[in-house]
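Structural features, examined
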Amino acid sequence: TLRGIVRGQRALAYYALLRLPVSATLLLHAGAGFFDLDRLVGAGYWYWSAGAELTLSRTMLALQYIDTDHTATMLLGSAATGGRLVATLGVKLH
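Residues numbered from 1 in each chain as written. Predicted model: local features only at pLDDT ≥ 70, side-chain atom pairs only at ≥ 80, totals over all residues. Heavy atoms only, no water.

Per the secondary structure count, the chain includes two helices and five strands. A globule of 94 residues ought to have a C-alpha radius of gyration of about 12 Å, yet the chain, at 16 Å, is considerably larger. Projected onto the principal axes, the alpha-carbon positions of the chain cover approximately 45 × 25 × 25 Å. Within the chain, the fraction of its 94 residues that count as buried is 22%. (Helix = DSSP H or I, 4+ residues; strand = E, 2+ residues; numbered from the N terminus. Rg over C-alpha atoms; globule rule 2.2 N^0.38 Å. Buried < 20%, exposed > 50% of the residue type's maximum accessible area, 1.4 Å probe, protein only.)

Structure (structure tokens):
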């Protein structure tokens, strides 16, 4: 974190995810979680995401929005936090 490096210590992360199959090829999902770093650096942060996944034959295309709270920016910096739109393309090779 921006508050220092912590090695050899455990951190806890809690995450809940809802996956809703809309059809045989379309899946919607939303989730939220908390990364508990209180013992390590005196703070923790919330994160969440929502998106959709389309699967056709051997190809998967996903689009999701991922975001964090202000505490994450204070701990990790703006380059690693904040809202982002993420697209993923996957191909099953065999």
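Overall, antiparallel pairing links the five strands, which are arranged 1-2-3-4-5 in an open sheet. The two strands at the open ends of the sheet, each matched to only one other strand, are strand 1 (12-21) and strand 5 (84-91). The average angle at which neighbouring strand axes cross in this sheet is 15 degrees, direction not considered. Across 10 bridges, the pairing between strand 3 (residues 43-56) and strand 4 (residues 59-68) is antiparallel. Each residue of the ladder has a partner; that of Y47, found in strand 4, is T68. (Pairing = 2+ DSSP bridges. Axes fitted to C-alpha atoms, helices over the stretch in contact; angles between N-to-C directions.)

We now examine the environment of W46. Inspection of the secondary structure puts W46 in strand 3. Distance from W46 to V22, taken between C-alpha atoms, is 27 Å for residues 24 residues apart in sequence. If sequence neighbours within four positions are ignored, W46 has contacts with G33, F34, T68 and D69. (Contact = heavy atoms within 4.5 Å.)

So, about the side chain of D69. Here D69 is to be found in the loop between strand 4 and helix 2 (70-76). A distance of 3.2 Å separates a polar atom in the side chain of D69 from the backbone nitrogen of T71. Contact partners of D69, with chain neighbours within four places excluded, come to Y45, W46 and W48. (Polar contact = N/O pair within 3.5 Å; in protein donor to acceptor, adjacent residues only side chain to side chain.)

What follows concerns the side chain of T68. Topologically, T68 is positioned in strand 4. Not counting chain neighbours up to four residues away, the residues in contact with T68 comprise W46, Y47, W48, T81 and G82.

Taken as a whole and assessed by the stated rule, the structure comprises four aromatic pairs. Here Y15 and Y47 contribute two aromatic rings whose centre-to-centre distance is 5.6 Å and whose plane-to-plane angle is 5 degrees, an arrangement assigned as stacked. In this pair, Y15 sits in strand 1 while Y47 sits in strand 3, placing the two residues 32 residues apart along the sequence. The structure contains a cluster of three or more aromatic residues connected by ring pairs, namely Y15, F35, Y45 and Y47. (Phe/Tyr/Trp six-rings, centres within 6.5 Å; stacked < 30°, edge-to-face > 60°.)

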